[in-house]
Amino acid sequence: LAKTTQPISMDSYEGQEVNITCSHNNIATNDYITWYQQFPSQGPRFIIQGYKTKVTNEVASLFIPADRKSSTLSLPRVSLSDTAVYYCLVGDSENYGGATNKLIFGTGTLLAVQP
Amino acid sequence: NAGVTQTPKFRILKIGQSMTLQCAQDMNHNYMYWYRQDPGMGLKLIYYSVGAGITDKGEVPNGYNVSRSTTEDFPLRLELAAPSQTSVYFCASSSPPGLVSDTQYFGPGTRLTVL
């Protein structure tokens, strides 16, 4: 079972770079690593996805070491509106028959950005 | 594009009552999912569907039923509501795994209370 472990909460200030690390020791060969963001009373929203090395988009960067047993979501220069819960997920292909879209959500990391 | 829509937004049920949570998507996605999210917790997969006429159980299917007669719609049925089913329910959709855009798109959620 490809479970993930991430910090329960993190604090930051506006303008700082925030790095949230997630461990996934049992990640399967075919699994991608995906990060979602969730605001209160809303559904999760896709942020970024990667398989190995580094991925960057207009919102964040994702760093994945060669062994893929962990990953780090990097948010540059956070603002108050980045306060949310961030979920790290890997596709649980072993449990649900091969489709990497069957994601297992943990409790996520609550990022609190202060002025 | 409306994306993923869910109705109703809120509902209060009495123990033993039944109801159907509606979910529709206009992105022509083959895959659709139902999750529940209890307070302070991550999302748990209830049921999923890989296409019209095909459904399968997720992590917590007991007490729920689904059907998928069309690509667009994926209703979730609660037959005998119990207080343990008090939760926020999210519907999501995606393209099949392995495609570039196979990330999941979530609806706004339905907040259900069973008294």
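Now for a quick tour of the structure.

Conventions used here
Residues numbered from 1 in each chain as written. Chains lettered and ligands numbered in written order. Predicted model: local features only at pLDDT ≥ 70, side-chain atom pairs only at ≥ 80, totals over all residues. Heavy atoms only, no water. Buried < 20%, exposed > 50% of the residue type's maximum accessible area, 1.4 Å probe, protein only. Helix = DSSP H or I, 4+ residues; strand = E, 2+ residues; numbered from the N terminus. Pairing = 2+ DSSP bridges. Axes fitted to C-alpha atoms, helices over the stretch in contact; angles between N-to-C directions.

Looking now at the pairing of strand β9 (residues 87-94) of chain B. Residue and element names in this part refer to chain B. Across the 8 residues that make up β9, a large majority, 8, are buried. Of the two faces of β9, both are covered, the one formed by Ser87, Tyr89, Cys91 and Ser93 as well as the one formed by Val88, Phe90, Ala92 and Ser94. By the bridge criterion, 7 bridges tie strand β4 (residues 31-37) to β9 in an arrangement that is antiparallel. Bridge pairing in β9 links Tyr35 to Phe90. Note: β9 against strand β11 (residues 110-114), 3 bridges, orientation antiparallel. Residue Ser87 lies in a different strand from β11, and its bridge partner there is Leu112. As paired strands, β9 and strand β10 (residues 105-106) are joined by 2 bridges and run antiparallel to one another. By the bridge assignment for β10, Ser93 is matched with Tyr105.

Residues and elements named next belong to chain A. What the 4 strands build is an open sheet, ordered β2-β7-β6-β5; its pairing is antiparallel. Every other strand in the sheet has two partners, leaving β2 (18-23) and β5 (53-56) as the edge strands with one partner each. Strand-to-strand twist in this sheet, taken as the mean axis angle between neighbours without regard to direction, amounts to 15°. Pairing of strand β6 (residues 61-64) with strand β7 (residues 70-75), which is carried by 3 bridges, proceeds in the antiparallel orientation. Each bridged residue has a counterpart across the sheet, and for Leu62 the counterpart in β7 is Leu73.

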